[in-house]
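# Fold and contact review
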Amino acid sequence: MTRPTAVITGAGSGFGLETARLAAQRGMNLVLVDVQADALDRAVAEFTQVEVLARVVDVAKADQMEALAAAVQERFGAPHFVFNNAGVGSGGLIWENALSDWEWVLGVNLMGVVHGVRLFTPMMLAAAKADPAYHGHIVNTASMAGMLNPPNMGVYNVSKHAVVSLSETLYQDLTLVTDQVHASVLCPFFVPTGISQSHRNRPADLPMAKPTKSQLISQAQTDKAVSSGKLTAADVAALVFDAIDHRKFYIFSHP
């Protein structure tokens with residue numbers, strides 16, 4: 001029997017890394033994707049018992065994601081679990097965000113998920129058609145900010161609402177064509193991960209302007225909220241697999 005394969009973006013830290021650990025425990029092949037090479041290298045070094053394909057990819061870039069999908073197809077065939085999880089944070093009063101803020105956050109948080117969905121869903125549907133025993137699951141990372149609109153983090157809110165909408169539509173569209181491929185949306189509240197420091201990976205062609213007062217306040221609030229979260233990234237990863245096992249659509253970390 002062939003091992004199932006998990007494709008995980010943002011796999012170098014946070015939810016991505018913890019989910020990879022659980023996938024490895026389940027004996028899955030791992031496709032680990034991150035934009036930060038050193039974090040990815042550290043992650044890969046952990047997984048000696050399963051096959052690993054690791055790629056440094058900016059999920060916002062269509063050509064890089066297309067090359068990733070082709071590499072996955074060639075190495076493992078269609079994946080069984082796709083975790084469109086890479087994400088970045090941004091804050092401040094919504095009119096103070098520079099165009100580069102919008103392009104960066106929507107590029108990673110929304111278009112990264114779009115690319116994952118448009119490239120891997122057809123592969124999974126083809127696998128389902130060819131094999132009645134195949135089952136696949138796509139999980140997209142949104143946020144509680146995809147359900148609510150807290151102040152001073154508007155660009156992030158917009159990106160995550162879009163991911164919830166995309167995921168709800170994906171779920172319904174899949175039910176029209178198959179019962180072998182399912183979808184979920186992850187909506188965590190504040191959990192200690194690396195997202196509050198995501199500006200470390202901001203691309204040079206989308207530079208950050210000098211932060212405004214509201215953006216400095218937002219950064220401080222986010223740092224505090226994220227670091228004081230009682231739930232861990234490992235707890236959230238366990239919720240992801242619980243949702244896959246029980247075919248739950250909404251994955252909430254907090255009531």
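This text follows the structure it describes.
How each quantity is defined
Residues numbered from 1 in each chain as written. Predicted model: local features only at pLDDT ≥ 70, side-chain atom pairs only at ≥ 80, totals over all residues. Heavy atoms only, no water. Core = buried A, V, L, I, M, F, W, Y, C linked by side-chain atoms within 4.5 Å. Buried < 20%, exposed > 50% of the residue type's maximum accessible area, 1.4 Å probe, protein only. Contact = heavy atoms within 4.5 Å. Helix = DSSP H or I, 4+ residues; strand = E, 2+ residues; numbered from the N terminus. Expected span 1.5 Å × (residues − 1). Phe/Tyr/Trp six-rings, centres within 6.5 Å; stacked < 30°, edge-to-face > 60°. Arc of directions from axis to C-beta. Pairing = 2+ DSSP bridges. Axes fitted to C-alpha atoms, helices over the stretch in contact; angles between N-to-C directions.

## Things to note about the nonpolar core
The biggest cluster of nonpolar side chains holds 42 residues, and the ones touching the most others in it are V31, L68, V72, F120, M124 and Y134. In this view, V72 contacts V7, V31, L53, G77, P79, F120 and M123; residues no more than four positions away in its chain are not counted. If you look at the next biggest cluster of nonpolar residues, it comprises 27 residues, including A6, A24, M28 and F83.

## Re helix α1 (residues 14-25)
It helps to recall that an α-helix has 3.6 residues per turn; residues three or four apart then point in one direction. Helix length check: α1, at twelve residues, gives a terminal C-alpha distance of 17 Å against a target of 16 Å (1.5 Å per residue), a fit within 8%. Among all positions in α1, only G14, F15, G16, L17, T19, A20, A23 and A24 are buried. Where α1 is buried, its residues meet β1 (5-9), β2 (29-34), α2 (37-46), β4 (81-84), β6 (181-187) and α7 (233-246). Within two residues after α1, G27 carries a phi angle of roughly 80°, on the positive side.

## Brief notes about the environment of R26
Position of R26 among the secondary structure elements: in the loop between α1 and β2. For the pair formed by R26 and P4, sequence separation is 22 residues and the distance between their alpha carbons is 9.1 Å.

## Some words on the packing of aromatic side chains
Summed over all chains, the structure comprises five aromatic pairs. Ring plane angle 65° and centroid distance 5.4 Å describe the contact between F81 and F241, whose orientation is recorded as edge-to-face. Of this pair, F81 sits in strand β4 while F241 sits in helix α7, placing them 160 residues apart in sequence. Assessed through its relative accessible area of 4%, F241 is described here as buried. Pairing Y171 with F249 gives two aromatic rings, centres 5.0 Å apart and planes at 50°, and the pair type is tilted.

## Description of α7
With 14 residues, α7 extends 20 Å from end C-alpha to end C-alpha; this agrees with the ideal 20 Å at 1.5 Å per step. Along α7, the residues classified as buried are A233, V236, A237, V240, F241, A243 and I244. Along the axis of α7, the buried residues cluster in a sector spanning 155°; they form a single face. Contacts from the buried residues of α7 go to α1, β4, β5 (136-141), β6 and β7 (250-252). Directly beyond the C-terminal end of α7, a positive phi value near 50° is found at R247.

## Here's the deal with the sheet that holds β7
Ordered by their spatial adjacency, seven strands build an open sheet running β3-β2-β1-β4-β5-β6-β7, and the pairing between neighbours is parallel. Edge positions in the sheet fall to β3 (52-56) and β7, since each of these pairs with one other strand and no more. Taken pair by pair, the neighbouring strands of this sheet meet at an average axis angle of 15°, ignoring direction. As paired elements, β1 and β2 share five bridges and run parallel to each other. Across the sheet, A6 pairs through a bridge with L30, a residue of β2. Contacting β1, β2 and β3, helix α3 (residues 62-76) runs over the sheet at an angle of about 170° to β3.

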